[in-house]
Each structure stands twice: as structure tokens, then as C-alpha cells.
Amino acid sequence: MADRLKPRVAVVGGGWAGLAAAVTLVDAGHAVVLHESARQLGGRARRVDWHGIAIDNGQHLCAGAYDHTLDLLRRLGTAAGLERRRLVFDEPGFRLALPGLPRPLHLAVGLLTARGLDAGEKYAAARFMRALARRRFRLDRDDTAARLLAEHGQPGRLVARLWQPICVAALNTPLAQASAQIFCNVLRDSLAGPRAASDMLFNRGDLGRLVPDAAARHVGERGGSIHLSSRVTGLVREADGFRLAGPDDRAERVVLATHPAQAPALLAGLPGCDGLVGQLRDLRWQPILTLWLRFAAPLALPYPMLALGDGSAPWAFERNDLGPGLAAIVFSAEGPHLALAPAALRDDCLERLGRRVGPLPPLADWRVIVEKRATFACTPGLRRPDPRTPVPGLFLAGDYTAGDYPATLEGAVRSGVKCARMIIEEE
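For the structure given in this document, a descriptive report is provided here. What you see is a predicted model, and the numbers here were worked out from it, not measured in a lab.

### Details of the overall build of the chain
No. 1: Scanning the chain from N- to C-terminus turns up 13 helices and 20 strands.
No. 2: Over its C-alpha trace the chain gives a radius of gyration of 22 Å, about what one expects of a compact globule, namely 22 Å for 427 residues.
No. 3: Counting only C-alpha atoms and orienting by the principal axes, one finds that the chain spans roughly 65 × 50 × 40 Å.
No. 4: Long-range pairs, those at least 24 residues apart, make up 71% of the contacts in the chain between residues at least 6 apart in sequence.
No. 5: Of the roughly 17400 Å² that the chain leaves accessible, carbon and sulfur atoms contribute 52%.
No. 6: Considering the chain, the positive charge centre built from 54 side chains and the negative charge centre built from 44 side chains are found 3 Å apart.

Right, here's the structure in full:
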């Protein structure tokens, strides 16, 4: 059981940030209670039931550079649920595969052997990465990723085939709007990182099994408690901590790990939080659309993810791990696809997929899932809130808080762990 001399901590929100905070805190001996307003854990990376099949609300990717996420999965005993593959960009007319060589040879050889780029484009990509490395991937001022690439003379075809897909996939923000500095951070920790950092990690099994289910068991076994359908409607500062309106719970410390759009209402009335509330309300959002397809027979892809066009075109993911014949087609960020009727979107994706892999098995079922506020828009100079709020004992956790990463699973986990460590260090 948790040491009762340590502060009792309430975690508000059961997404990956809140779960990472809860796991880290119970491992340090804190009494933890987690309140989640939904009927399940996972937040924006969760399990969805589709006619008895457990699918994900969207295809969420992990990379070899996700140190905090991998550490969390090892602690939960679910790291084996990830399939590690070396990075392969496979688009119509373009293929880049990174070999199993030490840094920086893996990137150099990958660029040298890439198909669909001429010698000048390969040299331009290498020159760009060397220029960023000399600056340690730090820019004097933030601008858009599109302007950064233009300043470094990146050819249009190279941008469309390599840099734009990386930016849109990682930042979920169009190149013309995306933060150049966050884009550089992604390149630093992936292509320019240790060889294994650029690996893709595909979850084999639904996201619920990967973190939420295992984290709930982990917290419960160490004396913590998790309450679903438990909506916190407000926070009241008291002499010895906080009262959580709604469940009428009390805690000495609070980690607020809700969606940032919900946080202002919970912070309202707390002293010194007006500026923080303003920051949260200034955040803008980008969607992610996922088209789930169920074919009558398994779909064989040459690699678990396959581009259905170039640039920011959708990506197809083989998900036979969830059920034979399952595939997910993912559209990142805003775009014309959002204006299509669902059936028209389905037909367009089937036509694209057929062009890439040949004749498709008969389609048995399909479903569209749109997360309208999947991520914050990762724009230049964005002021992201600090995890430590103006209210002593109150912390913010989420992928939107200040940090080097965009809105990713790794950003969420890092934030939750950071808040937990701040509380632990107060002991």
C-alpha cells in the first residue's frame, strides 16, 4: 500500500498523460486516485468497439526515439505489443529505407540508395541535415517549416516526397503552418538520432491493451484507485489542498490531465490562473480522420504502412492483428478530404489502395472516425503552458504543455512523467 505520509494526489483525466503520471506516482509510493469522465481510459488514443471488434480510434504511431513511452510500456509489461521495423517511406515513385547501420551512416546510405530522387535532391537533403546538425537543430527564431526548407534550397519534389510527409505525420499540421523549430526537434531525435531512434513501432493489439488496461492494473495493484464516469466539474483551493467538485474528492496535489479545451472551466476562479486560461483558449486544433476497412480476406502490404499518394496524401496501415482483413486509412491535419461524403471518401481510398497493391478482396464493412480536436496546431512561436501552474500543488499534464515534442503519444507520456517527478521532488 502507498505510504500515507506522502501527499495524496488526484489525477484528473485518464489519457496517456494522466496514466503516465499515475503510474509514476504509485511507483514512488504516493496514494493516487484518478478520475476519468468517460467510461473508458485512453483519451485520444483509445479502444473503440466496432461490431464486436476492438479497434483504435485512430492509427497512432510510435518511433524508436520514444524513450519515455518505451520505458512506460516496459514498466507495464506490454512492450512486446510493439512490432519494431526499420523506417521505410514507400510512396508512388519514391522509396527511402534506412539500413541497419550506425549513425550517421544509416541516413547517408538511405539517401544514397533512395529511389525517386536524383543526385541533386539527395545532396540537398544531406546538406540540409548537416546544416541543422551544425546548429544542434536550434533555430535563432521560429518560422514555418515551409520557409525553413525554402531558405535551405530544398527542391520541390524532395519537399513533397520526404519533408512534407514527415512534418504532417509528426506535427499533424500543414507544412505552411507548422513550427520549424518543432520540425527540427523531430528530425534531431529521429533521422539524426541513433540508428534505432528512426525505427517505426507498430502496435500489435488495440491501444487499450497497450497502456490503459495495463496501467489500470498497475495502479490498482499498488494501492491507487481509478474511477470511470467520474466527471470533475471544478477545483476548489483549500487550506490543506484541493476539493474536486463533482466526485467531492480531496487531494493535496492535483495533476490536471484533461483535454486542454476542458481545462479552462476547471481552472476558473483559481487565483493567478487568468493568464494560463488565456493560453489554453488561444490553442487551435487540427483533426485526424481514420477510415477503417474490413475486407473479406487479409490484405497483404509490402510494409505495415503504405502511402497512397505523395506529400500529405493518406497512409494505409495493415491491421490484421486486430482481425483478418482489417486496414486503416489515415488522413492527418485539415484538408479537402474533410468535405467529402463518407461514401465518396471510402471509394477514393479504395481506388488509391487498389492502385498500390493490386486487386482488393471484397469489402465487408467500413467506418469513418474523425477526431476533430486530435492535436493542437503546432504553429511557430506557440506559447505552450508550463506544467507547473501559478497555484501551488496544481500541475498540467498533456501533449500540449511546454516541451520539445509536438502532440504525440511520447509528448503526452513525457508530460505526465514530468508532473509526477515534480511532485516526487517536493517530498
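### Here's the deal with the pattern of salt bridges
No. 1: The tally for this structure, following the rule as stated, stands at 36 salt bridges.
No. 2: For the salt bridge of R204 with E83, the shortest nitrogen-to-oxygen distance reads 2.7 Å. Taken together, the residues R204 in the loop between β9 (200-203) and α8 (207-210) and E83 in strand β6 (residues 82-85) connect sequence positions 121 residues apart.
No. 3: On the basis of relative accessible area, E83 is assigned to the partly exposed category, the value being 23%.
No. 4: When salt bridges that share partners are traced, they join D56, E83, R85, R204, E318, R319 and D321 into one network.

### Quick word on the environment of E91
No. 1: Looking at the element boundaries, E91 is found in strand β7 (residues 88-91).
No. 2: On the basis of relative accessible area, E91 is assigned to the buried category, the value being 2%.
No. 3: In the structure, E91 is positioned 73 residues away from Q164 in sequence and 12 Å away in space, judged by C-alpha atoms.

### Here's the deal with the sheet that holds strand β13 (residues 249-251)
No. 1: Taking strand neighbours across the sheet as the criterion, the three strands line up as β11-β12-β13 in an open arrangement whose pairing is antiparallel. Two strands bound the open sheet, and with one partner strand each, they are β11 (234-238) and β13. Neighbouring strand axes in the sheet, compared pairwise and without regard to direction, differ in orientation by 25° on average.
No. 2: Examined bridge by bridge, β11 and strand β12 (residues 241-245) share five bridges and lie antiparallel to one another. In the strand pairing of β12, E238 is matched with G241.

### Section: the environment of V9
No. 1: Residue position: V9 is located in strand β1 (residues 9-12).
No. 2: As for V9 and G393, which are separated by 384 residues in sequence, their C-alpha atoms are 9.3 Å apart.
No. 3: In contact with V9, not counting residues within four places along its chain, are L25, H30, A31, V32, V33, A251, R253, V255 and I423.

### Examining the packing of aromatic side chains
No. 1: According to the stated counting rule, one finds five aromatic pairs in the structure shown.
No. 2: Aromatic ring contacts, followed pair by pair, group F128, W163 and F183 into a single cluster.
No. 3: For R237, the ring lying beneath its charged end belongs to F242, and the centroid distance is 4.6 Å.
No. 4: Against the face of Y405 rests R414, its NZ or CZ located 4.3 Å from the ring centre.

### Quick look at the sheet that holds strand β14 (residues 253-256)
No. 1: Ordered in space as β10-β2-β1-β14-β20, the five strands form an open sheet in which the pairing is parallel. Lying at the two open borders of the sheet, with one neighbouring strand each, are β10 (225-227) and β20 (394-396). Within the sheet, the average angular offset between the axes of one strand and its neighbour, ignoring direction, is 15°.
No. 2: Examined bridge by bridge, β14 and β20 share three bridges and lie parallel to one another.

### Details of the pairing of β12
No. 1: Taking burial as the measure, the five residues of β12 include four buried ones, the bulk of the element.
No. 2: Here β11 folds back onto β12, and the loop between the two strands holds two residues.
No. 3: Two elements, β12 and β13, share three bridges in a ladder whose sense is antiparallel. By the bridge assignment for β13, R243 is matched with R250.
No. 4: The antiparallel pairing of β12 with β13 creates a hairpin that spans three residues between the two strands, and G246 there sits at a positive phi of about 110°.

### Remarks on the nonpolar core
No. 1: In terms of nonpolar packing, the biggest core is built from 81 residues, with W163, F183 and L187 touching the most fellow members.
No. 2: Broken down by element, the residue count for this core peaks at eight residues, all from helix α6 (residues 156-171).
No. 3: Ignoring any residue separated from it by four or fewer positions in sequence, one finds W163 in contact with A125, F128, M129, L149, Q154, L158, L175, F183, L187 and L191.
No. 4: By size, the runner-up hydrophobic cluster in this structure holds 45 residues, among which are L34, A65, L72 and V413.

So, how was this worked out
Residues numbered from 1 in each chain as written. Predicted model: local features only at pLDDT ≥ 70, side-chain atom pairs only at ≥ 80, totals over all residues. Heavy atoms only, no water. Helix = DSSP H or I, 4+ residues; strand = E, 2+ residues; numbered from the N terminus. Rg over C-alpha atoms; globule rule 2.2 N^0.38 Å. Contact = heavy atoms within 4.5 Å. Areas by Shrake-Rupley, 256 points an atom, 1.4 Å probe, with all protein chains shown as cover. Lys, Arg positive; Asp, Glu negative; His and termini not counted. Charge placed at Lys NZ, Arg CZ, Asp CG, Glu CD. Salt bridge = Lys/Arg side-chain N within 4 Å of Asp/Glu carboxyl O. Buried < 20%, exposed > 50% of the residue type's maximum accessible area, 1.4 Å probe, protein only. Pairing = 2+ DSSP bridges. Axes fitted to C-alpha atoms, helices over the stretch in contact; angles between N-to-C directions. Phe/Tyr/Trp six-rings, centres within 6.5 Å; stacked < 30°, edge-to-face > 60°. Lys NZ or Arg CZ within 6 Å of the ring centre and 35° of its normal. Core = buried A, V, L, I, M, F, W, Y, C linked by side-chain atoms within 4.5 Å.

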